[in-house]
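# Coordinate analysis (summary)
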Amino acid sequence: MNAPYNPGLLDQLQLRYAGGTAKMLIGGEWMEAASGETFETINPSTGKLIGHVASAGETDIDRAVAAARAAFEGPWAKVKPDERTRLLLKLAELIEANGEELALLETLDVGRPIQFSRMLDVQGAVSQLRYNAGWASKIMGETAEISAPGEWLSYVLREPIGVCAQIVPWNFPLVMAVGKLAPALAAGCTVVLKPAEQTPLSTLRLGELVMEAGFPEGVVNIVTGLGRTAGAALAAHRDVDKVAFTGSTVTGKAIIEASKTNFKRVQLELGGKSPTYIFADADLSKAIPAAAMGIFFNAGQVCAAGSRLFVHEAVADAVLEGVVAMAKGMKVGQTLDASTMIGPLVSAVQRERVTGYIASGRAQGASVLVGGEALSGEGYDGGYFVQPTVLLDTKPDMRVRKEEIFGPVLCAMRFGDDADIDALAGRGNETEFGLSASIYTSNISTAHKLARRLKAGTIRINGSGGVDPALPLGGFKASGWGRENGKAGIEAYTELKAVSVAL
Ligand code: ADP
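So, a few notes on the structure that sits alongside this text.

### Focus on the pairing of strand β9 (residues 190–194)
Burial of β9 is extensive: five of the five residues sit out of reach of the surface. Burial along β9 is two-sided: the residues Thr190, Val192 and Lys194 and Val191 and Leu193 are all buried. Across five bridges, the pairing between strand β8 (residues 163–167) and β9 is parallel. Bridge pairing links Ile167 to Lys194 in β9. Pairing of β9 with strand β10 (residues 220–222) involves three bridges; the strand directions are parallel. Bridging from a neighbouring strand, Val192 pairs with Asn221 of β10. Regarding topology, helix α8 (residues 201–213) serves as the crossover connection from β9 to the parallel β10, and that connection is right-handed.

Structure (structure tokens):
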């Protein structure tokens, strides 16, 4: 994962996107927007233009939905489950074979350090496909004995929902696009997928690989465009049966509103303000790096980032010293350097948002233990870098404590022996979110009691990770509706139909 990148391949990619407009995939054809409009995609490590991309409007969304509908009612409906498995496995193979190119694209467009693009985006996409491929032939209905007079055969069919709109955010474009496509396709749905306008390139390359794998035209359509136009048109479209969205809570609300046109099914994976707990008996050699990477990884642009740290006072000094040492020691900088740990934020807008939060924390009385500034000058080449930051002295009603910052900013709090499990759970649950939580302790009862009391969709005990295609992913409260991944993730792309036959 730490190999140097291939400069020849990078030049090729930059040339490919520098000239002309990157086209979108509709009904098996690559096309520009009907209006001819485009938007720019920028390299966040340098602030420089990578290229122009087709900007879909309503006409293009109508075309893409019509292509997905035609494929759903036509050729795709006849494709048997084992053929869907084969196609998904073929796509996994192609992603692996083109892994270095996809990793470089992700690094250029998202600003993720290359070692993580290779490991997380490419390998993550491959494992999503391999996991979901197997499900295509394992979707089962049920039979039921009913109590009506007479003799009956009653059975429940589990059918694909239909045409699915999938709207993806900019923090993990490839792995999230694939994580949404794979269960939908395994279940027999067709898809119109929209990457975020900040990061369309790896998804467009994915579209080429989808066609190379041999999926019939119209099964996967990729539309690039702005959220307020293309995204809004998709969410409101009357011929879309389901919308699956990952992104901010504000946009999640807009999607719910828009979906009312036809009562389409809605799946939402939204924001978080996830707590990490470190108890006095924790193994600090694991807990300290986990607390630091839980918030600094991907410059904090992770929905499940551990943005609030609750640490027992007996170990608080040691933990904070360790987190500060990591904040100062990790290489923040150019993402093509294999030793870089933290890249830029995705855009100038996001950098202003994050530094605005830090300023608001200061204004409301928080103090900065480490970091707190944007980085510029030598080594930062005009990119959107912000220092890994730890805030102390925050209060529950401060914006930095309540709201999702989506940047490398940790609020650290101490607790003492007077805080019992219920009180600690209460502090963890005090935000509107409920996406994930991490617990570090050597006492199994403490760990499991706290896990039960926390309102969060994913809980990790004594280890980071815990996100896997086999495990349901999603949130309580304002963190979303429904679950992706695992059996629940497949079933979320199906409808039930009860059939009763009077014998
Ligand atoms: P951010 O505010 O950080 O850009 P969003 O949640 O708005 O995050 O973006 C996530 C995805 O949602 C992107 O693909 C974006 O284009 C899309 N999007 C934004 N606004 C809307 C909207 N009103 N309707 C549908 N999709 C939207």
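Moving on from the model shown.
### Thoughts on the site of the ligand
For the ligand, the set of nearby residues contains 18 residues, the closest of which are Val168, Lys194, Glu197, Ser248 and Thr251. Within the side chain of Lys194, one N or O atom sits 2.7 Å away from an oxygen atom of the ligand. Ala232 is positioned with one of its backbone polar atoms (N or O) 3.4 Å from a nitrogen atom of the ligand. Top element by residues in the shell around the ligand is helix α9 (residues 227–236). It accounts for three residues. Taken together, the residues of the shell around the ligand sort by class into nine nonpolar, seven polar and two charged.

### Overview of the packing of aromatic side chains
Within this structure, the stated rule accounts for eight aromatic pairs. Measuring from ring centre to ring centre gives 5.9 Å for Trp76 and Phe215, while their planes differ by 50°; the resulting arrangement is tilted. Residue Trp76 is found in helix α3 (residues 75–78), and its partner Phe215 is found in the loop between α8 and β10; the two are separated by 139 residues along the sequence. Under the relative-accessibility criterion, Phe215 is labelled buried at 3%. Ring centres of Trp170 and Phe406 lie 5.4 Å apart, and the angle between their planes is 80°; this geometry places the pair in the edge-to-face category. Placement of the pair is Trp170 in the loop between β8 and α7 (173–187) and Phe406 in the loop between α14 (399–402) and β19 (409–415), with a sequence separation of 236 residues. For the pair Trp170 and Phe406, a shared accessibility class is recorded, and that class is buried. An aromatic cluster of three or more residues is present, and its members are Tyr277, Phe279, Phe310 and Phe415. Its guanidinium or amino end placed over the ring of Tyr493, Lys242 lies 3.7 Å from that ring's centre, counting from NZ or CZ.

Conventions adopted
Residues numbered from 1 in each chain as written. Predicted model: local features only at pLDDT ≥ 70, side-chain atom pairs only at ≥ 80, totals over all residues. Heavy atoms only, no water. Buried < 20%, exposed > 50% of the residue type's maximum accessible area, 1.4 Å probe, protein only. Helix = DSSP H or I, 4+ residues; strand = E, 2+ residues; numbered from the N terminus. Pairing = 2+ DSSP bridges. Right-handed = clockwise from strand over helix to strand, strands pointing away. Near = heavy atom within 4 Å. Polar contact = N/O pair within 3.5 Å; in protein donor to acceptor, adjacent residues only side chain to side chain. Nonpolar A, V, L, I, M, F, W, Y, C, P; charged D, E, K, R; others polar. Phe/Tyr/Trp six-rings, centres within 6.5 Å; stacked < 30°, edge-to-face > 60°. Lys NZ or Arg CZ within 6 Å of the ring centre and 35° of its normal.

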